[in-house]
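Observations on the model geometry
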Amino acid sequence: MKTVVNVALPKGRLGEKVYNMFKAAGYECPAIEEVNRKLVFENEEKSIRYFWVKPSDVAIYVERGAADIGVAGKDILLEYRPDVYELLDLNMGKCRMAVAAKQDFADSRESTLRVATKFPYIAQCFYDKKCRDIDIINLNGSIELAPLLGLSDVIVDIVETGSTLKANGLVVVEDIVPISARLIANKAGYKFKNGLIRNIVEKMAEQVEK
Ligand code: PRP
């Protein structure tokens, strides 16, 4: 049986851009471009098989070897610290992790800061470095609501265009880290399919917009 490289693609708009990058790099898979609900697509001739995966799950598939390579946001890599190789910054899906709050917010440092977020590890590390006590409020989405309803003092979240913050009267207080999509690899897969994966990385690197 021919060896194929299993690729976990993040389902959604970013994933489509990422697939187009693979296509431009010479790893097209025409079946994936048909509109249907299938999740697995293979082009045996190109030794490649793609899966559509929920973006926040890509790193899990890759870490556990269900996929050899995949594309995950730096936010997920920083938060969950999967044991994978980070091979290439694709310079797309760019945004930043930031602290945001209501316009009139000022941290008096008198009481524990209440921080609402989907990224508790990133938030904790950021405030540990400042020696600031925080109380993390774990939410799964619509984080911007928390300060509006008095559930938290600040949020730690992704800011892309800034329009969600603006629409809700919030402002960025501090930037934490820039984020972009990264090509990652399973450590064993990288060893056993080294030639194939290195070819992919080389071809993908040529497609990265500077
Ligand atoms: C993300 C993030 C912000 C928004 C930022 O949410 O959590 O809410 O995008 O984008 P913007 O700066 O361009 O407005 P997402 O759409 O992933 O949904 P969520 O509410 O489920 O987190």
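First, a word on scope: everything that follows refers to the structure included in this document. (Residues numbered from 1 in each chain as written. Predicted model: local features only at pLDDT ≥ 70, side-chain atom pairs only at ≥ 80, totals over all residues. Heavy atoms only, no water.)

**Quick notes on the nonpolar core**
To keep things clear, this is the line we draw: Residues grouped as a nonpolar core are buried Ala, Val, Leu, Ile, Met, Phe, Trp, Tyr and Cys residues, joined through side-chain atoms within 4.5 Å. A 1.4 Å probe rolled over the protein chains alone gives each residue an accessible area, and that area as a share of the maximum for its type sets the label: buried under 20%, exposed over 50%, partly exposed in between. Elements are defined by DSSP. Helices are runs of H or I of four residues or more, strands are runs of E of two residues or more, and each kind is numbered from the N terminus. Residue contacts are defined here by distance: any two heavy atoms, one from each residue, within 4.5 Å place the two residues in contact.
If you look at the biggest cluster of nonpolar residues, it comprises 28 residues, and the most contacted ones within it are L9, F22, Y50, I69 and L90. Every element with two or more residues in this core is listed here: β1 (5–10), α1 (13–24), β3 (48–53), β4 (69–73), β11 (181–185) and α8 (194–207). Leave out the neighbours within four places in its chain, and L90 touches M21, V71, A181, L183, M204 and V208. Counting residues in each nonpolar core, the second largest holds 15 residues, with A101, L113, Y127 and V154 among its members.

**Some thoughts on the side chain of K74**
Using the following cut-off: Contacts described as polar in this section are N or O atom pairs within 3.5 Å, which, within protein, must combine one atom able to donate a hydrogen with one able to accept it, while residues neighboring in sequence count only if both atoms come from side chains.
Note on placement: K74 falls in helix α3 (residues 74–80). One polar contact links K74 to E86, side chain to side chain, over a distance of 2.9 Å. Excluding residues that lie within four positions of it along the chain, K74 makes contacts with E86, I179, S180 and R182.

**Quick word on the site of the ligand**
Applicable threshold: The cutoff for a nearby residue is simple: one of its non-hydrogen atoms must lie within 4 Å of the molecule or strand. For the area figures, the Shrake-Rupley method with a 1.4 Å probe applies, and any residue is considered shielded solely by the protein chains shown. Computed over the protein atoms alone on a 1 Å grid, cavities are sets of points where a 1.4 Å probe fits but cannot get out and pockets are open sets with protein on both sides within 12 Å along at least five of seven lines; a residue lines them when it has an atom within 4 Å of a point. Should more than half of a molecule's atoms lie within 2 Å of a pocket's or cavity's grid points, that molecule is taken to sit in it. Residue classes follow a fixed rule: Ala, Val, Leu, Ile, Met, Phe, Trp, Tyr, Cys and Pro count as nonpolar, while Asp, Glu, Lys and Arg count as charged, and any other residue, Gly among them, counts as polar.
As a matter of local geometry, the ligand sits amid K118, G141, S142, E144, D157, I158, V159, E160, T161, G162, S163 and T164. E160 is positioned with one of its backbone polar atoms (N or O) 2.8 Å from an oxygen atom of the ligand. Within the backbone of G162, one N or O atom sits 2.7 Å away from an oxygen atom of the ligand. Against a free-state accessible area of 490 Å², the protein chains account for coverage of 65% of the ligand. More than half of the atoms of the ligand fall within 2 Å of the grid points belonging to the largest pocket. A per-element tally of the shell around the ligand places strand β9 (residues 154–159) first, with three residues. Partitioning the shell around the ligand into residue classes produces two nonpolar, six polar and four charged.

**A word on unusual backbone geometry**
Unusually for a residue other than glycine, N91 sits at a positive phi of about 55 degrees. Among the structural elements, N91 can be located in the loop between β5 (85–89) and β6 (95–102). Note on N91: relative accessible area 26%, which makes it partly exposed. For S142, which is not a glycine, the phi torsion comes out positive at approximately 45 degrees. Along the chain, the position of S142 falls in the loop between β8 (134–138) and α5 (145–148).

**Focus on α1**
The condition is simple: To estimate how far a helix should extend, the number of its residues minus one is multiplied by 1.5 Å. What the arc describes is the spread of directions from the helix axis to the C-beta atoms.
With twelve residues, α1 extends 17 Å from end C-alpha to end C-alpha; this agrees with the ideal 16 Å at 1.5 Å per step. Residues G15, V18, Y19, M21 and F22 constitute the buried set of α1. Down the axis of α1, the buried set is contained in an arc of 155 degrees. They therefore lie on one face. One or two residues past the end of α1 sits G26, with phi positive at roughly 100 degrees.

**A closer look at the sheet that holds β8**
Rule in force here: For two strands to count as paired, DSSP must find a minimum of two bridges between them. Axis definition: a line fitted to C-alpha atoms, limited for helices to the stretch in contact. Angles are taken between N-to-C directions and run from 0 to 180 degrees.
On the basis of which strands lie adjacent, the open sheet formed by five strands has the order β8-β7-β9-β6-β10 and mixed pairing. Taken across any chain shown, the strands that pair with only one partner, and hence form the sheet edges, are β8 and β10 (170–179). Across this sheet, the average inter-strand angle for adjacent strands is 25 degrees, counted without regard to direction. Helix α4 (residues 120–129) contacts β6, β7 (113–117), β8, β9 and β10 of the sheet and is inclined by roughly 170 degrees relative to β8.

**Digging into the layout of surface pockets**
Sizing a probe to match a water molecule and rolling it over the atoms shows the empty space that remains. How we decide: Grid points are joined across faces, edges and corners, and a volume is the space filled by probe spheres set on the points.
By volume, the largest pocket amounts to about 990 Å³. Contributing to the lining of the largest pocket are 42 residues, with P55, D75, C95, I158 and E160 lying nearest its centre. Of all the elements in the fold, those that place two or more residues in the lining of the largest pocket are α1, β4, α3, β9 and α6 (163–167). The greatest single-element share of the lining of the largest pocket, amounting to four residues, is contributed by α1. When its residues are assigned to classes, the lining of the largest pocket shows 17 nonpolar, 15 polar and ten charged. Of the pockets and cavities examined, the second largest pocket occupies roughly 330 Å³. In terms of lining, the second largest pocket is formed by 14 residues, of which the most central are E16, I32, E34, N36 and W52. Per element, the largest residue contribution to the lining of the second largest pocket is three residues, and it comes from α1.

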